[in-house]
Amino acid sequence: MSRSVRKLGQIVLVAFSLLILISTAGFAQISVGQDKLDYSAPKQYEVGGITVSGTRYLDKKVLVLLSGLSVGEKIQVPGEAITEAIHKLWDQGLFSDIDISATKIVDDKIFLDIKLQERPRLSKYALKGVKKGDANDIRESIRLIKGKVVTDNIIVSTENIIKNHYIDKGFLNVTVETITETDSTLPNSVILKFNVDRKKKVKIGRIIFRGNEEVKKGKLVRAMKETKQRTWWRVWKTSKFLDYEYENDKKAVIAKYNQMGYRDARIISDTIYSNRDGSINVEINLEEGRKYYFRNITWAGNTKYSSELLGKVLGIKKGDVYDQARLDANLFMNPNGRDVSSLYLDDGYLFFNVEPVEVLVVNDSIDLEMRIREGKQATINRVTVVGNTKTNDHVIMREVRTKPGQLFSRADIIRTQRELSQLGYFNAETLGVEPKPNPVDGTVDIVYTVEEKPSDQIELSGGWGAGRIVGTLGVSFNNFSLRNMVKKGAWRPLPAGDGQRLSLRAQSNGLFFQSYNFSFMEPWLGGNKPNAFSVSAYHSVQSNGLQRGQENREAIRITGVSVGLGSRLKWPDDFFSMQHELNYQNYILENYPLISGFNNGNSHTFSYRFTLTRNSIGDPIFPTYGSTLVASVELTPPFSAFTGIDYETAEPSKKYQLIEYHKWKFDAKWYISLAKNLVIETKMQFGFLGSYNTQLGAAPFERFYVGGDGLSGFGLDGREIIALRGYDNNSLTPAINNRQVGGTIFTKYGAEVRYRVSPNPQATVYILAFAEAGNSYLTFNEYRPFQLRKSAGVGVRIFLPMFGLLGLDYGWRFDDVPGYPNMAPGQFHFSIGQQF
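Basis of the calculations
Residues numbered from 1 in each chain as written. Predicted model: local features only at pLDDT ≥ 70, side-chain atom pairs only at ≥ 80, totals over all residues. Heavy atoms only, no water. Salt bridge = Lys/Arg side-chain N within 4 Å of Asp/Glu carboxyl O. Helix = DSSP H or I, 4+ residues; strand = E, 2+ residues; numbered from the N terminus. Buried < 20%, exposed > 50% of the residue type's maximum accessible area, 1.4 Å probe, protein only. Contact = heavy atoms within 4.5 Å. Pairing = 2+ DSSP bridges. Axes fitted to C-alpha atoms, helices over the stretch in contact; angles between N-to-C directions. Expected span 1.5 Å × (residues − 1). Phe/Tyr/Trp six-rings, centres within 6.5 Å; stacked < 30°, edge-to-face > 60°. Lys NZ or Arg CZ within 6 Å of the ring centre and 35° of its normal.

Caption draft 1: Representation of the pattern of salt bridges in the model. Counting across every chain of the model gives 42 salt bridges. Residue glutamate 358 pairs with arginine 263 through a salt bridge whose shortest N-O separation is 2.4 Å. In this pair, glutamate 358 is assigned in strand β14 (residues 353-362) and arginine 263 in the loop between α7 (243-259) and β11 (266-274), connecting sequence segments 95 residues apart. Relative accessible area serves as the criterion here: at 34%, glutamate 358 is assigned to the partly exposed category. Of the residues examined, arginine 263 reaches a relative accessible area of 27% and is grouped as partly exposed. Two residues, glutamate 720 and lysine 663, come together in a salt bridge whose shortest N-O distance is 2.9 Å.

Right, here's the structure in full:
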């Protein structure tokens, strides 16, 4: 139906053009006064003068110049010169009528007058019956501007743009009526009013297949990704008919047949017709043909690799169903594993080519010969990057795996694109690479194309912690440049481009809680190797709201610093990295009831943390493949072994003056793509806080608090908060005498199905459904790894470069929690800058 609408528009334009040609043929006459010149006896004249009449707003000298006529020129009258002049003026699109006449003839001189009727100009236009969002989109497409000459072609073209806008949304019966009104406030100006009636959206009632005897209708319907019939349960894809999508979906139907061995399948005919309820039916007549199978596959031209090895990589055996898509993937680009091309391209054979040729077809069996042209190995000559307007070249080039002098490798190019995406400075959707081979000398130049995106972030959020509202204000400069701080002109608004990270963060709810954090990281210390140096400092205070020195004041102050050094590893593979970190923390308690008997004192923690990470995901915002594995151990010196303190009789302030513990954590996430923009994430977390001395027991700090939204960074006593949606904050945390003391061990499992709604890097949006379970325990003896509190729910994530990842979830809990009789069965959770 949409094709008919577009066809009608084309017919109208053709007819209009024919009318113009017919009209201009009539114009090519010339008269003197009331008498027309004799066409049967043309005569040559010299143009004695040219005047222009009928125009008020155009330069007459320019119009004469545009006509091609000039004083002193000798022309044949009647003749082609006059006709050509009319055509030239008509081509300007400024006039609705053109007439050239002779005002007088003196001897052999003729005096001409060009009489013109100007077309009106656009004063303004209006769209009626159009929603605001549609109106904005239409205005961007039609681009009508004030003062533009109004022609029939412009009106018809604008109507077609408006119609196509709605046709592409499924409103196939849309109509547009144009009303032209004279604008009395401006000379020779008109107002255009486009009255739009989009009518009802045309939905597809049924998709009917004829001739599909071997393949069920359901498979064919599912193969059509955009053309969907009307069903009550359809959520993601609305039922609408788009002509160009329908053409692609017909090809997808044939591709489905080809995948199943029916390589001769074809569509004999298809038709679209209307139903009484306004919907349409789509009917497709098929000829399936015979089902084919692979038989013998041979190789020719291969000298680098044996036919046996190439056959194993191809992965197709005699008797397998003939699947053209599988054959192409295993030859050229297999997203799920190795292919024949990558075997060569990863070893420098850029000029490699393989052509599968059917050499014999016997009944339902096909013999193939793989004809290979290996070519020479290509060496990388130059590597350049374009598009980086903010990030310095050296920041990008140090992540590039393709170096001049090395053999060309497709795997290195793919890995380079991943590393550039991981930086977070560039639009992952538009990262490009262009190899420029030179077969003459066997070299290749590689050009990487990047598009900068905002990477700095502002965190402005509110959350609930310690029974009160907590406000957070933070800034993160993720592409900072320390060396340019003293450089004139680099503050725009801050020195940037060297890939360093500077973060400042403050939290407060007034007198009850304040926290301040600073961190800085240089990912390439020294500039030669990816050794990441980091330093951070923080200070927080929590109290009951009373000022210092006041009676009954309860407070805990925490001050800490840390220094870290990380490096990338090449074994077991180069997705691994490790981090060493030294930490110092000072806890000052003032009548603060942390644990039984320990209310006042000054505690110190000196620890070393080792973290081993493997990260193989691509896009860090919406990973579609790979995994992240993080294992860490944090150790303090066993102070109790050489302090000489009797911990059974020592006062708590003496007992916990030097904090000792060993802390083990493991966090794993896996990503599997189910379909385009549809991903499942599975994950697990484990943490254990151990002690060296059984008399001393577990440290009062660094414990695990499970439940709720896991408000990031709100650590009142060095605690680590683990989110579990559907439950109140910290509600799954061990308590003694109705007071939470934190767990020394926890486990959490979960899964999320994510669907990306918008891949726009300026506002990436995805929705999700989750199920998770977890719990924390006071001691290892109480640990039950599979007796967990469970929940499920749905949510949405929006990534804004300025604010980071914003999330809203609604979780339903499946279990009751002792001590929380009034906990709601379900609740909302808001998050900023964190993943659950």
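Caption draft 2: Highlighting the environment of alanine 135. Mapped onto the elements, alanine 135 comes out in helix α4 (residues 132-142). Note: C-alpha distance between alanine 135 and isoleucine 162 (27 residues apart in sequence) is 9.4 Å. With sequence-adjacent residues up to four places away left out, alanine 135 is seen in contact with Leu127 and Val130.

Caption draft 3: The arrangement of the pairing of strand β36 (residues 789-800) in detail. Here 11 bridges tie strand β35 (residues 764-777) to β36, and the two strands are oriented antiparallel to one another. Each residue of the ladder has a partner; that of valine 765, found in β36, is isoleucine 798. Relative to strand β37 (residues 804-813), β36 runs antiparallel, the two sharing 10 bridges. Bridging across to β37, leucine 800 finds its partner in glycine 804.

Caption draft 4: Fine view of the sheet that holds strand β18 (residues 443-449). Pairing in this open sheet of 3 strands is mixed, and the strands run β16-β18-β17 from one edge to the other. On the outer flanks of this sheet lie β16 (379-386) and β17 (432-438), each paired with one strand and no other. The mean angle between the axes of side-by-side strands here comes to 20°, regardless of whether they run parallel or antiparallel. Pairing of β16 with β18 involves 6 bridges; the strand directions are parallel.

Caption draft 5: Just the sheet that holds strand β13 (residues 293-300), in detail. Across the sheet, 3 strands lie side by side as β13-β15-β14; this open sheet has mixed pairing. Strand pairing shows two members of the sheet lacking a second neighbour, β13 and β14, which therefore form its edges. Each adjacent strand pair in this sheet contributes to an overall mean axis angle of 25°, direction not counted. Of the strand pairs in this sheet, β14 and strand β15 (residues 365-373) are connected by 9 bridges, and their pairing is antiparallel. Along β15, the bridge assignment pairs glutamate 358 with leucine 368. Packing against the sheet, helix α8 (residues 307-314) makes contact with β13 and β15, and its axis sits at approximately 140° to β13.

Caption draft 6: Looking closely at the side chain of threonine 628. As for its position among the elements, threonine 628 is in strand β27 (residues 626-635). Residue class for threonine 628 comes out buried when judged on its relative accessible area of 16%. Beyond its immediate sequence surroundings of up to four residues, threonine 628 is in contact with Arg614, Asn615, Ile617, Asp667, Ala668 and Lys669.

Caption draft 7: Fine view of α7. Over its 17 residues, α7 extends 25 Å from the first C-alpha to the last, a length consistent with the 24 Å expected when each residue adds 1.5 Å. Just downstream of α7, glycine 261 is the residue with a positive phi angle, here 100°.

Caption draft 8: Focus on the packing of aromatic side chains. Applying the stated rule across the entire model yields 22 aromatic pairs. With a centroid separation of 5.1 Å and 45° between ring planes, the pair formed by phenylalanine 241 and tyrosine 246 is classed as tilted. Accessibility classification places phenylalanine 241 together with tyrosine 246 in one group, the buried group. On the numbers, 5.4 Å between centres and 80° between planes, the contact of tyrosine 777 with tyrosine 783 is edge-to-face. Comparing tyrosine 777 with tyrosine 783 shows no difference in burial state: the two are buried. Clustering of aromatic rings is evident, with ring pairs tying together Phe686, Phe688, Tyr777, Phe780 and Tyr783. Its guanidinium or amino end placed over the ring of phenylalanine 111, lysine 104 lies 4.8 Å from that ring's centre, counting from NZ or CZ. One residue, arginine 719, lies across the ring of tyrosine 705, its end atom 3.9 Å from the ring centre.

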